[in-house]
Amino acid sequence: MIKILIVDDHPIVREGLVSIVDAEDDLEVIGQAGNGREAVEFALEQRPDVVLMDLRMPVMDGVEAIRQLRGESPASRVVVLTTYDTDELVYDAISAGARGYLLKDVTSSDLTEAIRTVYRGGSLLQPVVVERLLDRLGPDDLEQSAPIEDLTPRELEVLQCMSTGARNREIAKELVIAERTVKIHVANVIAKLGATNRTEAVVTALDLGIIRREGGSRQD
């Protein structure tokens, strides 16, 4: 079972999400929180696999909660679920460590699939969120964030697989190489692109035109 913590300051929203998530055989809601501080405290005690995180909340907002979870409970992967899609919020949440970013108009099936994708080690961004991130990184940012080192052909292949949401095991199978080798390539890609995680690496690569967009919604 994938253990999930739901964080939102509106009880009726939390109740609706509980109904959606608990209807799935492989998903289980183990707790709820009404603000970021409660979320961090719960995560430190119960170690949920995935945290569904709203952004605008009292006491502690979602972005700060994501930062703290990244440092104190890194195994708990965060999926942002919010009504806000402004460039700054999207950028801040991804930079803080969110592995997924969905808007609250997402379908139930897409939401549960996002939970599974992030739990498996991938990331999932809605197309509108990808566009916001690309808009956030304008021409000046492109110049400043250009890779210091060129990616090797194999690293480019790994990066393209990452952009489809593939996990290390799947990339290894696709490229017929060892999973340990994939991990090394992923680490090199992240470092060369000046990113802090896989999601940022893919977004940067899309922004720079290093890889082509596959469907525009999923990144790993």
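Residues numbered from 1 in each chain as written. Predicted model: local features only at pLDDT ≥ 70, side-chain atom pairs only at ≥ 80, totals over all residues. Heavy atoms only, no water.

(A) Representation of the nonpolar core within the structure. Grouped together as the largest cluster of nonpolar side chains are 29 residues, with contacts concentrated most on Val7, Met53, Leu55, Ile66 and Tyr101. Broken down by element, this core gets its largest block of residues, five residues, from helix α4 (residues 87-96). When near neighbours in sequence (up to four residues on either side) are disregarded, Ile66 contacts Met53, Leu55, Val78, Val80, Ala93, Ala96, Gly97 and Ala98. Among the nonpolar cores identified, the runner-up in size contains 21 residues, and Leu159, Ala172, Ile190 and Ala205 belong to it. (Core = buried A, V, L, I, M, F, W, Y, C linked by side-chain atoms within 4.5 Å. Buried < 20%, exposed > 50% of the residue type's maximum accessible area, 1.4 Å probe, protein only. Helix = DSSP H or I, 4+ residues; strand = E, 2+ residues; numbered from the N terminus. Contact = heavy atoms within 4.5 Å.)

(B) Examining the packing of helix α8 (residues 153-162) against helix α9 (residues 168-175) more closely. At a minimum axis distance of 10 Å, the contact between α8 and α9 shows a crossing angle of 130°. The pairing of α8 with α9 is recorded here as oblique in orientation. Both α8 and α9 take part in a crossing whose hand is right-handed. Two secondary-structure elements touch here, α8 through Arg154, Glu157, Val158, Cys161 and Met162 and α9 through Ile171, Glu174 and Leu175. Counted by class, the contact of α8 with α9 contains five nonpolar, no polar and three charged residues. (Axes fitted to C-alpha atoms, helices over the stretch in contact; angles between N-to-C directions. Parallel < 35°, antiparallel > 145°, perpendicular 65-115°, else oblique. Left-handed = near helix turned anticlockwise from the far one by under 90°. Nonpolar A, V, L, I, M, F, W, Y, C, P; charged D, E, K, R; others polar.)

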